[in-house]
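Fold and contact review
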Amino acid sequence: ELGGGVGGAARRTLGQELGVTRGKGSKPRGVDEDLGVAVSWGGSAGATATDLDEQERLLSRMFKPHKVKKLMAHQRAALAEAERLRSGAAKRASTDARLHRQLRIVQGSAANARLLSSAGAQTRPMMEKVRQAIFNMVQAQAGTVGCLPPSARWLDLFAGTGSVGLEALSRGAREAHFVEMDPWVTRNVLGKNIATCSFQRSSVVHTRKAEDFLTRALASPSFAGGPFDFVSMCPPYLLVSYPQLFDLLGRGPLLHERTILFVEYPSQLKHQVPDVLGPIVKLRDRIYGRTWIAVYGPAGAGGPGAEDDGEDY
């Protein structure tokens, strides 16, 4: 008898599914009585490709081959989906086991709060020393040394652990928007870090690709509440198109003439970092070990091409 499918489909006998007719008191037509084998259907957990090939060969001798082929295709698809789910669950369990709290908030109301991150995940959080140096520079640029303006809105693109946006909230920002595409990360890492810092009321999480978020903003100028005072963009270097991201940011409504933006990028893509981005300009480039940061802000605050090798860590 065929097992119930996804959604609890009605059970049918193999003969019914394969279109075998049975006369009164007779055996199914087309069955080779000399096979001498018992053929089972369904419940093939653990079956290999060889098992299924052998099962298809035997069934094809007993029933109409085209119907057997169709049913075996469903069987293989079901087994493949089961294996995919098992593999995904194992991967998530392995990632869960590697979660740690080595990151911390550096300064402000949530100073020293320990944040979750995942060893080997693609969240790739910014190092604490680099984060400290960047925030000191951004605060000095904003004219609020030691804190951020209390009315500030922060946009954290490619948020991952949320360490940058949470650092901003800890230092006095009014609200932060976190853009992270991976639902598992937003649920098991970012969301928990927001709760750890008690910033639920001042945090907005957007579970979508940064490119989709920026495209949506282009179509709806008031999307996400309008322009942001501070924007951080720390993408997974070689997995994104920097020209596309800069184009969407420059044409969109999320920057105003006094927005301060910093972008992390690899040295080999320095030629893709523009001097002008919408209403703001590049003020300087800074190098922190292997981390390169481009800082943008109001035109009168520095000017394009004003570079600084920064500090090494």
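Located above this text is the structure these notes cover.
Predicted model only: the values in this text are computed from it and were never measured.

With that settled, the discussion passes to the overall build of the chain. Counting its regular elements, the chain contains eight helices and ten strands. Once local pairs closer than 6 in sequence are excluded, the contacts in the chain between residues at least 24 apart make up 61%. Taken as a whole, the chain presents about 16,000 Å² of accessible surface, with 52% of it coming from carbon and sulfur.

With that settled, consider unusual backbone geometry. Of note, the phi angle at F158 is positive, near 55 degrees, even though the residue is not glycine. Looking at the secondary structure, you find F158 in the loop between β3 (153-157) and α5 (163-170). The exposure class assigned to F158 is buried, which follows from its relative accessible area of 17%. Even without glycine at this site, S198 takes up a positive phi of about 60 degrees. Within the secondary structure, S198 sits in the loop between α6 (183-196) and β5 (203-206). On the basis of relative accessibility, which here comes to 57%, the residue S198 falls in the exposed class.

Here the focus is the packing of aromatic side chains. In the structure shown here, the tally under the stated rule is seven aromatic pairs. A ring pair is formed by F135 and W154, whose centres lie 5.1 Å apart and whose planes are at 15 degrees; its orientation type is stacked. Of this pair, F135 sits in helix α4 (residues 128-142) while W154 sits in strand β3, and the two are 19 residues apart along the sequence. For the pair shown, F135 and W154 are each scored as buried. Ring geometry for W154 against F262: centres 6.2 Å apart, planes inclined by 65 degrees, an arrangement best described as edge-to-face. Of this pair, W154 sits in strand β3 while F262 sits in strand β7 (residues 255-265), placing them 108 residues apart in sequence. In this structure, W154 and F262 share a single accessibility class: buried. Linked through ring pairs, F135, W154, F230 and F262 together constitute an aromatic cluster. Between R153 and the ring centre of F228, over which it is positioned, the NZ or CZ distance is 4.2 Å.

Next up on the list: the nonpolar core. For soluble globular proteins, the rule of thumb is that nonpolar side chains tend to be buried together. Membership of the largest hydrophobic core comes to 34 residues, with the highest contact counts inside it found for I134, L148, W154, L166, F178, C197 and F262. Only α4, α5, β4 (175-179), α6, β7 and β10 (291-297) provide two or more residues apiece to this core. Top contributing element to this core by residue count: α4, with six residues. Of all hydrophobic cores here, the second largest spans 33 residues; its members include V179, M233, L254 and V263.

Once their charged atoms are close, side chains differing in charge can pair, the charge on each being opposite to the other. What the rule picks out here adds up to eight salt bridges. Linking E128 and R104 is a salt bridge whose minimum nitrogen-to-oxygen distance equals 3.1 Å. With E128 in helix α4 and R104 in strand β1 (residues 99-104), the pair connects residues that are 24 residues apart, well separated along the chain. Here E175 makes a salt bridge to R174, at a shortest N to O gap of 3.0 Å. According to the relative accessible area criterion, R174 is partly exposed, its value standing at 43%. A cluster of three or more residues bridged by salt bridges with shared partners is formed by R131, E167 and R171.

Our next topic: the sheet that holds β10. Here eight strands make up an open sheet; going across it, the order is β5-β4-β3-β6-β7-β10-β9-β8 and the pairing mixed. In this open sheet, the two strands that pair with only one neighbour each are β5 and β8 (276-277). Of the strand pairs in this sheet, β7 and β10 are connected by five bridges, and their pairing is antiparallel. Each bridged residue has a counterpart across the sheet, and for V263 the counterpart in β10 is A294. Where α4 meets the sheet, it contacts β3, β6 (228-233), β7, β9 (280-288) and β10, and its direction lies at approximately 150 degrees from that of β9.

Conventions adopted
Residues numbered from 1 in each chain as written. Predicted model: local features only at pLDDT ≥ 70, side-chain atom pairs only at ≥ 80, totals over all residues. Heavy atoms only, no water. Helix = DSSP H or I, 4+ residues; strand = E, 2+ residues; numbered from the N terminus. Contact = heavy atoms within 4.5 Å. Areas by Shrake-Rupley, 256 points an atom, 1.4 Å probe, with all protein chains shown as cover. Buried < 20%, exposed > 50% of the residue type's maximum accessible area, 1.4 Å probe, protein only. Phe/Tyr/Trp six-rings, centres within 6.5 Å; stacked < 30°, edge-to-face > 60°. Lys NZ or Arg CZ within 6 Å of the ring centre and 35° of its normal. Core = buried A, V, L, I, M, F, W, Y, C linked by side-chain atoms within 4.5 Å. Salt bridge = Lys/Arg side-chain N within 4 Å of Asp/Glu carboxyl O. Pairing = 2+ DSSP bridges. Axes fitted to C-alpha atoms, helices over the stretch in contact; angles between N-to-C directions.

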